[in-house]
Amino acid sequence: DPRLAVLEALRAGAEADADGRTADALLHHERAVEVATSRLPGTILEANALDGLAFHHLTSGDPRSAVPLYDRSLELYRGLLAGDQPRVATTLHNLAVAESRAGRPDEARRHALAALEIWSRLPDERTAGAADTMQLLANLARRAGDPGEAEAFDRRARDARTAGS
């Protein structure tokens, strides 16, 4: 069953990532993407597999490889999930982080603002995700030489974290 193969590869990849076995993790994540894209195209499992491989690349220090994977998973999530979804906001946030680390600050800011827009419309405002995105926006503003905007996002991030605790 390809669904079980993808789920098992995702589980093994996440476990290997957590254990610091980077090479093993990459193999598992690539296997998940291979099975999902060939046998389950256009499904949530394909989106999850792409997202998992993107996250692996991001956390392994290869943000340039993560960006197109996040782009594709985001496209799938948006087509498959109705309304404002935490998964879409999280993927937008992670895409923004990857873009920032890949030296694409304008794209990073655009995607972080889109993530924040979704976080703000969710019922409980998902304060941790919103706070992380606001902190990312503060860092981007600081790097762009806008201390006023950086301080505003820093303050909003602190307020969100305080409200969530």
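Residues numbered from 1 in each chain as written. Predicted model: local features only at pLDDT ≥ 70, side-chain atom pairs only at ≥ 80, totals over all residues. Heavy atoms only, no water.

Asker: Please set out the environment of Arg 72 residue by residue, giving values where relevant.
Answerer: Mapped onto the elements, Arg 72 comes out in helix α4 (residues 63–80). Taking the C-alpha atoms as reference points, Arg 72 and Ile 118, separated by 46 residues in sequence, lie 19 Å from one another. Non-local contacts of Arg 72, meaning those with residues more than four positions away in its chain, are made with Glu 46 and Leu 50. (Helix = DSSP H or I, 4+ residues; strand = E, 2+ residues; numbered from the N terminus. Contact = heavy atoms within 4.5 Å.)

Asker: Give a detailed account of the packing of helix α6 (residues 105–121) against helix α7 (residues 127–143), specifying residues and quantitative values.
Answerer: Viewed as axis vectors pointing N to C, α6 and α7 meet at an angle of 155 degrees, and their least axial separation amounts to 9 Å. On the basis of the axis angle, α6 is roughly antiparallel to α7. Where α6 crosses over α7, the two elements pack in a sense that is left-handed. Across from Pro 105, Ala 108, Arg 109, Ala 112, Leu 113, Ala 115, Leu 116 and Trp 119 in α6, the residues of α7 making contact are Gly 129, Ala 130, Thr 133, Met 134, Leu 136, Leu 137 and Leu 140. Within the contact of α6 with α7, the residues separate by chemical class into 12 nonpolar, two polar and one charged. (Axes fitted to C-alpha atoms, helices over the stretch in contact; angles between N-to-C directions. Parallel < 35°, antiparallel > 145°, perpendicular 65-115°, else oblique. Left-handed = near helix turned anticlockwise from the far one by under 90°. Nonpolar A, V, L, I, M, F, W, Y, C, P; charged D, E, K, R; others polar.)

Asker: Can you break down the nonpolar core residue by residue, with the values?
Answerer: The nonpolar side chains of soluble globular proteins are, as a tendency, buried together. Core analysis: the largest hydrophobic core is formed by 46 residues, its most contacted members being Val 6, Ala 49, Tyr 70 and Met 134. Those elements giving two or more residues to this core turn out to be α1 (2–18), α2 (22–39), α3 (44–59), α4, α5 (86–101), α6, α7 and α8 (147–164). Residues within four places of Ala 49 in sequence aside, it is in contact with Val 6, Leu 10, Ala 32, Val 33 and Ala 36. (Core = buried A, V, L, I, M, F, W, Y, C linked by side-chain atoms within 4.5 Å. Buried < 20%, exposed > 50% of the residue type's maximum accessible area, 1.4 Å probe, protein only.)

Asker: So, the pattern of salt bridges: which residues are in play, and what are the values?
Answerer: Where side chains of opposite charge bring their charged atoms close, a pairing between them can arise. All told, the structure shown has 18 salt bridges when counted by the stated rule. Here Glu 46 ties to Arg 72 by a salt bridge, and the two come within 3.9 Å at their closest N and O atoms. Note that Glu 46 is positioned in helix α3 and Arg 72 in helix α4, a separation of 26 residues in sequence. A relative accessible area of 29% means that Arg 72 is categorised as partly exposed. Note that Arg 155 and Glu 151 form a salt bridge whose closest N and O atoms lie 3.2 Å from each other. With a gap of four residues between them, Arg 155 and Glu 151 both fall in helix α8, about one helical turn apart. A network of salt bridges, in which partner residues are shared, links Glu 8, Arg 11 and Glu 15. (Salt bridge = Lys/Arg side-chain N within 4 Å of Asp/Glu carboxyl O.)

Limitation: the analysis is restricted to geometry and does not speak to function.
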